[in-house]
Amino acid sequence: MSREERKIFGISWNVFLLGLVSFLNDMSSEMIMPIVPTYLTDILGIGKALSGSIMGLIESLSSLFKVLFGYFSDKFRKRKVFVALGYTLSAIAKGSLAFISSWWEFVGLRIIDRIGKGIRTAPRDALIAESSEKGKTGKSFGFHRMMDTLGAVAGPLVSIALISLFANIPRVTAYRRIFLISALPGLIGVLIVLLFVVDKGGEVRKKIKGISALRSRNLQMFLIIVAIGALGRYSYAFTLWKAEELGLTVVQGLGFYALFNLIYALSAYPLGAYSDYIGKRRLITAGFGIAALASLAFAFARNIYELALAFILYGIYIAIEDTIPRAYMADLAKEFEKGTVIGAYHTVFGVFVFPASVIAGVLWQNYSLTHAFLYASIMNLVAMVLMLLTRES
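Keep in mind that this is a model prediction, so the values were computed, not measured.

A description of the overall build of the protein should follow, citing residues and the corresponding values.
What the protein contains, in helices and strands, is 17 helices and 2 strands. For the protein, buried positions account for 60% of its 393 residues. For the protein, contacts bridging at least 24 residues in sequence account for 86% of all contacts bridging at least 6. Approximately 15,800 Å² of the protein is accessible, and the part contributed by carbon and sulfur atoms is 66%.

In structure tokens form, the structure reads like this:
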């Protein structure tokens, strides 16, 4: 049995390795992400509305590249080169944050990081789909998201340990050291991609008769609903600002963020596998409903117990909406266009995430965080209703 035909934990070797790479990369990212909101507002001196806009812009920008590089990976029938390039750019950009002193330098490096994500995401997701057993894409994507999010659990915990270790030095110096250290796991992930992951893009036939799934009214309507739901998808930074509003310390906020990621990690794999049996649209619909509940919980949380409930609901929601739509799009896509179709989903989602964070930031500054979360709840309720009113053809 060849290496790419081996299975581990019921999934292909390729999917396992890509999950491991995502674990390392997300650990790298989440080592710095929880300290970024404080770094922006307290050290770089950026206002609340601008902070929300910057966080939304950074998270949204990568999506503009996803459909493009998904298309390139289909056209050239190469996935691995784009995956490795994307992870390399992100690792270098994160480490370079250690040397900046202004908000525009921060934005520039974060843009490079997000461009790296934009380059790698659609080709990587297409590679996961091509490396999956037929009818088991939910399981494969669920495993991948689980590993990705376990990295997000490990990252804040490492960050907490490093903050404690650097407690006796100036905070700005401690943050710079954490930025530099964060590059190491990402670079190890790049080596795994280059040395062990097997490219499957070359197996895709150049010409296959048929109409692109992107011309399907069913898929087009789904992308419209994705856009509406994305308008209610605020940056993770708002959840940490909520913790700060309730009087929690930075370390306590990191603990709640680790709880969110743990719930996400524990939910993604079983929910992905479950979607293969009950249908992916059903779980996506439920995800919008849970998102609305999570936003309401954040809006009205007044103590750590209510805040914990909000983070738990948020974790389940993100586990669904970051996992199942990818598998759903992979199932709809024809063999010759998986990178393009998955990239189209990521692009639509990302384009509408940016105004979502801008709106939330404006509502926060002019009214309160409660208004920002209530807005998000309404948008997710609208998306859920539309999913219930439309049927899969």
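Which residues make up the pattern of salt bridges, and what values go with them?
A full pass over the atoms with the stated rule returns 11 salt bridges. Of the charged contacts, one joins arginine 79 and glutamate 130 as a salt bridge, the two residues approaching to 2.4 Å between their closest N and O atoms. One end of the pair, arginine 79, is in the loop between α4 (63-75) and α5 (80-96); the other, glutamate 130, is in helix α6 (residues 103-130), and 51 residues separate them in sequence. This pair shows no difference in class: arginine 79 is buried, exactly as glutamate 130 is. With its nearest N and O atoms 3.4 Å apart, the salt bridge here joins arginine 145 to aspartate 148. Residue arginine 145 and its partner aspartate 148 are both found in helix α7 (residues 137-165); the two are separated by 3 residues, about one turn of the helix. As far as the burial class goes, arginine 145 and aspartate 148 line up, both buried. Linked by salt bridges that have partners in common, Asp74, Arg79 and Glu130 make up one network.

Any chance you could break down a nonpolar patch on the surface for me, citing the residues and the numbers?
There is a patch of nonpolar side chains on the surface, built from Leu191, Leu194, Leu195 and Phe196 and spanning about 400 Å² of accessible area. Residue placement: leucine 195 occurs in helix α9 (residues 183-196).

I'd like a rundown of the packing of helix α10 (residues 217-230) against helix α13 (residues 280-300), residues and numbers included.
At a minimum axis distance of 12 Å, the contact between α10 and α13 shows a crossing angle of 20°. With respect to α13, the element α10 is oriented roughly parallel. In this structure, the crossing between α10 and α13 has a hand that is left-handed. Across from Asn218, Phe222, Ile225 and Gly229 in α10, the residues of α13 making contact are Arg281, Ile284 and Phe288.

Report on the side chain of asparagine 25, specifying residues and quantitative values.
Within the secondary structure, asparagine 25 is located in helix α1 (residues 13-32). Setting aside chain neighbours within four positions, we find asparagine 25 in contact with Tyr87, Ser90, Lys94 and Arg120.

So what's going on with the packing of aromatic side chains? Residues and values would help.
The final tally for this structure, using the stated rule, is 19 aromatic pairs. Of the aromatic side chains, those joined through ring pairs into one cluster are Phe256, Phe260, Tyr264, Phe298, Phe311, Tyr314, Tyr317 and Phe373. One Lys or Arg, arginine 177, reaches over the ring of phenylalanine 166 and ends 5.4 Å from the middle of that ring.

Explain helix α15 (residues 324-332) to me, using residue names and the numbers behind them.
Because each turn of an α-helix spans 3.6 residues, side chains separated by three or four positions end up pointing in the same direction. Among the 9 residues in α15, 7 count as buried, and that is most of the element. All of the buried residues along α15 are Ile324, Pro325, Arg326, Ala327, Tyr328, Met329 and Ala330.

Could you give an account of the environment of alanine 299, with specific residues and numbers?
Mapping alanine 299 onto the fold places it in helix α13. The buried category is assigned to alanine 299, whose relative accessible area is 0%. Remark: the alpha-carbon pair of alanine 299 and alanine 372, spanning 73 residues in sequence, is separated by 7.8 Å. Once residues within four sequence positions are removed from consideration, alanine 299 is found in contact with Lys242, Thr370, Phe373 and Leu374.

How would you explain α7 if you had to name every residue and give the values?
With 29 residues, α7 should cover 42 Å at 1.5 Å per step; its first-to-last C-alpha distance of 42 Å lies within 8% of that length. Within α7, 22 of the 29 residues are buried, which leaves the element mostly enclosed by the surrounding structure.

An account of unusual backbone geometry is requested, with residue identities and associated values reported.
The backbone phi angle of arginine 77 is positive, close to 55°, even though this residue is not glycine. Note on placement: arginine 77 falls in the loop between α4 and α5. With relative accessibility at 24%, the residue arginine 77 sits in the partly exposed group.

Talk me through the packing of α10 against helix α17 (residues 369-389); I want residue IDs and the actual numbers.
In the contact formed by α10 and α17, the axes pass within 8 Å of each other and the chain directions differ by 160°. Between α10 and α17, the interaxial angle falls into the category roughly antiparallel. As for how α10 packs across α17, the hand of that crossing is left-handed. For the pair α10 and α17, the contacting residues are Met221, Phe222, Ile225, Ile228 and Gly229 in the first and Met379, Asn380, Val382, Ala383, Leu386 and Met387 in the second. Its residues assigned to classes, the contact of α10 with α17 comprises 9 nonpolar, 2 polar and no charged.

Tell me about the nonpolar core, and please be specific about residues and values.
Soluble globular proteins: nonpolar side chains tend toward being buried together. Residues Phe179, Phe238, Phe298, Leu307, Tyr314 and Met329 are the most contacted members of the largest nonpolar core, which totals 109 residues. If we skip the residues at most four places from it in the chain, methionine 329 touches Leu219, Phe222, Leu223, Val341, Ile342 and Tyr345.

Conventions adopted
- Residues numbered from 1 in each chain as written.
- Predicted model: local features only at pLDDT ≥ 70, side-chain atom pairs only at ≥ 80, totals over all residues.
- Heavy atoms only, no water.
- Helix = DSSP H or I, 4+ residues; strand = E, 2+ residues; numbered from the N terminus.
- Buried < 20%, exposed > 50% of the residue type's maximum accessible area, 1.4 Å probe, protein only.
- Contact = heavy atoms within 4.5 Å.
- Areas by Shrake-Rupley, 256 points an atom, 1.4 Å probe, with all protein chains shown as cover.
- Salt bridge = Lys/Arg side-chain N within 4 Å of Asp/Glu carboxyl O.
- Patch = residues over 30% accessible without salt bridge, like charges linked within 9 Å, V, L, I, M, F, W, Y side chains within 5 Å.
- Axes fitted to C-alpha atoms, helices over the stretch in contact; angles between N-to-C directions.
- Parallel < 35°, antiparallel > 145°, perpendicular 65-115°, else oblique.
- Left-handed = near helix turned anticlockwise from the far one by under 90°.
- Phe/Tyr/Trp six-rings, centres within 6.5 Å; stacked < 30°, edge-to-face > 60°.
- Lys NZ or Arg CZ within 6 Å of the ring centre and 35° of its normal.
- Expected span 1.5 Å × (residues − 1).
- Nonpolar A, V, L, I, M, F, W, Y, C, P; charged D, E, K, R; others polar.
- Core = buried A, V, L, I, M, F, W, Y, C linked by side-chain atoms within 4.5 Å.

None of this, on its own, says anything about what the molecule does.
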